[in-house]
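If you want the building blocks of each chain, they are given just below.
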Amino acid sequence: MAAIETEDLSKDFLVGFWRPRPYRALDRLTLSVAEGEVFGFLGPNGAGKSTTLKLLMQLLYPTSGTAHILGRPAGDASVKQRIGFLPENPYFYDHLTAEELLSYFARLFGLRGADVARRVSSVLDDVGIASERRLRLRQYSKGMIQRVGLAQALLNEPDVVFLDEPMSGLDPLGRRHVRQIMLRLRDRGCTVFFSSHILSDAEALCSRVAILAQGRLVASGHLSEILAFELRGWELVVANLSDALRAAIAPRVRGITALARGRFTIELPPEESPDRFLHELGSRGAQVVSLNPLRETLEDYFVQSVGAVESRQTGL
Amino acid sequence: MALVAQAVFKESVRDRVPYSMVAFAVLIIAASYLISQLTAGQDMKILKDLGLAAIAAFGLLIAVFIGINLVSKEVERRSVFAVLAKPLSRPQFILGKYFGLVLTLVVNLSVMTLAFYAVLLYVDFTTDPLLKTAWPAPALDPRLVVAVILIVAELMLVTAIALFFSTFASPLLSALLTLGVWVAGHFNADLRNFETVLDVRPVALLARAVYYALPNLAPFNVRAEVVHGVAVPVSHTALTLAYAAVYISILLFGAIAVFRRRDFK
Ligand SMILES: Nc1ncnc2c1ncn2[C@@H]1O[C@H](COP(=O)(O)OP(=O)(O)OP(=O)(O)O)[C@@H](O)[C@H]1O
Ligand SMILES: [Mg+2]
């Protein structure tokens, strides 16, 4: 059974005050996410990621199509008991403390008595909110609110979590922390479905991704399988590169750019094996500073796909 | 549902707005004592009148301003997203919100009423027994409680109206609409006999239709009778309360029906 399954899921918003016309925010999305997967839902701003997540939470009703979670229709009470949801830019009640808010939510999940306090303090520990948990939420920073949002999505030890831009507003340490949390969830067998517009988030985490642009699915699968993300070469930074060595490797590389004295960036074609190359350089006195694969970035890809997807259809 | 109500209560207790309103009302009740001192003989009537008016007015402010915040602000600020993803149905959410606010109202009004009684008690103690004979009713008249109960019932109705509007309108618009309905509800009787003002048939019919659709709030106001020591028939109180119950049920039903179908953007 798939953890998340959508079929021809579409959503039109009515736009325009005087003559409302439907505007297609999501166009026939068909997607299936297996249990235990970490699935990245990628797309530029306005692609329809949040719309999809809201449809899955039944905060929006679809114009057409269906959505199932754990084999049951989205919005079903038994489904809600088993999922967690972090909304985009979450906001909670200003006047409650993090502890109170989470106790309230924990009780909505049916926890009672001492279980509530135990669970609440454990998720707050998980997301790294320490003594601030007794402060009112209005005194929290954006990143802290984001963590509280993550904590409330984990309260019920969910089988599937939906995270809408979980990294937004977090500092680098916080991002790494969230990544670890997501991997821990996966290790526990939880399905993680998260949206992002940052490719590196997905690269570090996902088994599979879907890419959405202008409301349409433009690609899905393993990141390495998606054609546009094929390796396009390697970028190598080396120090102490002698002139002789430089001349020797010149025909085999795509380009050499001087950075500073003795320090160069070398671009290798994808067919060149970096291992052999590194060995060769090392044995002749050069020092390798860094090696990076060159791929098309998600941003480049978006720019292209915007051209490819013809202008969004309005009207039905 | 009870959990939602609890959360509403907790959140509103933390909010300083109702505190300041209750404090202000208590202040006015206390001030009415001073005013009543200036007008010998009339003092008990003025005191009671002002006290009840303050309770009603500040109760209304609390009902409207917290009432509209309940749902429309939650939708506008999107705190509703996380809540509705929990195992909680939308009708449960609405009813929880409503009862949470009613709880807040009852607590606030009780505080105001206690303050009111304290002032009355003090006046009763310090007044010459001879002067008391001029009072139409004793200071601690139990009928005052009837007036307060009807005020509470009216405010529960107003809350239901605010809640209904806030399921689809913005906070500001719902506040205006609610206050509008409140004003219209108090001058409702004028609509019924609109043909005496403007004798155009369609207009009169429209006025009559509006009369039946709008809540009739005039019966909830028995302050004048109570202050003057005129008995309020039990049947009037009972009927008015029943009317409130029916009207509130219809409004909650409507609020749920609207809220259920809503998209949260
Ligand atoms: N309430 C609404 N009314 C009209 N159009 C809307 C509404 N909400 C979203 N849209 C449109 O739907 C499209 C998808 O929006 P959505 O919020 O799903 O994007 P997103 O992928 O989450 O973007 P971001 O990365 O900025 O969060 C956008 O083009 C947006 O303009
Ligand atoms: Mg979004």
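Being a predicted model, the structure only gives us computed values, none of them experimental.

Draft legend 1. Region of interest: the overall build of chain B. A count of helices and strands for chain B gives 12 helices and 0 strands. The secondary structure elements of chain B, listed N-terminal to C-terminal, are α-α-α-α-α-α-α-α-α-α-α-α. Long-range pairs, those at least 24 residues apart, make up 80% of the contacts in chain B between residues at least 6 apart in sequence. Of the roughly 12,300 Å² of accessible surface on chain B, 72% is carried by carbon and sulfur atoms.

Draft legend 2. Local environment of the packing of aromatic side chains. Using the criterion set out here, one finds 15 aromatic pairs over all chains in the structure. Ring centres 6.4 Å apart and planes at 55 degrees place the aromatic pair Y93(A) and Y104(A) in the tilted group. Here Y104(A) lies in helix α3 (residues 98-108) and Y93(A) lies in the loop between β6 (83-86) and α3, a separation of 11 residues in the sequence. The exposure classification of Y93(A) matches that of Y104(A), with both residues buried. Seen in terms of ring centroids, F164(B) and F165(B) are 5.8 Å apart; in terms of plane orientation they differ by 55 degrees. Their pairing is tilted. Cluster of aromatic residues (ring-pair linked, three or more members): F39(A), F41(A), F162(A) and F193(A). Cation over ring: K86(B) sits above F105(A), and NZ or CZ is 4.6 Å from the ring centre.

Draft legend 3. Layout of the coordination of the magnesium ion (ligand 2). The protein atoms that coordinate the magnesium ion (ligand 2) are S50(A) (OG) and E88(A) (OE), at distances of 1.9 to 2.4 Å. Residue S50(A) is found in helix α1 (residues 49-56), and its partner E88(A) is found in the loop between β6 and α3; the two are separated by 38 residues along the sequence.

Draft legend 4. The arrangement of the side chain of K86(B) in detail. Examined against the element boundaries, K86(B) turns out to sit in the loop between α4 (80-84) and α5 (90-126). Here K86(B) is buried and forms no salt bridge, its nearest opposite-charge partner E74(B) lying at an N-O distance of 11 Å. Here A82(B) takes part through its backbone oxygen, which lies 3.1 Å from a polar atom of the side chain of K86(B). For K86(B), the residues in contact, after removing those within four places along its chain, are K80(A), F105(A), L108(A), F109(A) and Q152(A).

Draft legend 5. Expanded view of the packing of helix α7 (residues 143-166) of chain B against helix α12 (residues 234-261) of chain B. Residues and elements named next belong to chain B. Where α7 meets α12, the closest approach of the two axes is 8 Å, and the angle between their N-to-C directions is 15 degrees. Judged by the inter-axis angle, α7 sits roughly parallel to α12. Here the hand of the crossing between α7 and α12 comes out left-handed. Taking contact as the criterion, the partners of V146, I149, L150, A153, M156, L157, A160, I161, L163 and F164 in α7 are, on α12, T237, T240, L241, A244, Y247, I248, L251, L252, G254, A255 and V258. Residue composition of the contact of α7 with α12, by class: 18 nonpolar, 3 polar and no charged.

Draft legend 6. Local environment of the site of ligand 1. Residues and elements named next belong to chain A. If you check the shell around ligand 1, you find 17 residues, and the closest are G46, K49, S50, T51 and E88. Between ligand 1 and A47 there is a distance of 3.1 Å, counted from an oxygen atom to a backbone nitrogen or oxygen. Relative to its free-state accessible area of 640 Å², ligand 1 is covered by the protein chains to the extent of 73%. Only β1 (2-15), β2 (21-34) and α1 provide two or more residues apiece to the shell around ligand 1. Tallying contributions element by element places α1 first for the shell around ligand 1, with 3 residues. Looking at side-chain class alone, the shell around ligand 1 contains 6 nonpolar, 6 polar and 5 charged residues.

Conventions adopted
Residues numbered from 1 in each chain as written. Chains lettered and ligands numbered in written order. Predicted model: local features only at pLDDT ≥ 70, side-chain atom pairs only at ≥ 80, totals over all residues. Heavy atoms only, no water. Helix = DSSP H or I, 4+ residues; strand = E, 2+ residues; numbered from the N terminus. Contact = heavy atoms within 4.5 Å. Areas by Shrake-Rupley, 256 points an atom, 1.4 Å probe, with all protein chains shown as cover. Phe/Tyr/Trp six-rings, centres within 6.5 Å; stacked < 30°, edge-to-face > 60°. Buried < 20%, exposed > 50% of the residue type's maximum accessible area, 1.4 Å probe, protein only. Lys NZ or Arg CZ within 6 Å of the ring centre and 35° of its normal. Donors = N, O, S within 2.8 Å, 3.2 Å for Na, K, Ca; no water. Lys, Arg positive; Asp, Glu negative; His and termini not counted. Salt bridge = Lys/Arg side-chain N within 4 Å of Asp/Glu carboxyl O. Polar contact = N/O pair within 3.5 Å; in protein donor to acceptor, adjacent residues only side chain to side chain. Axes fitted to C-alpha atoms, helices over the stretch in contact; angles between N-to-C directions. Parallel < 35°, antiparallel > 145°, perpendicular 65-115°, else oblique. Left-handed = near helix turned anticlockwise from the far one by under 90°. Nonpolar A, V, L, I, M, F, W, Y, C, P; charged D, E, K, R; others polar. Near = heavy atom within 4 Å.

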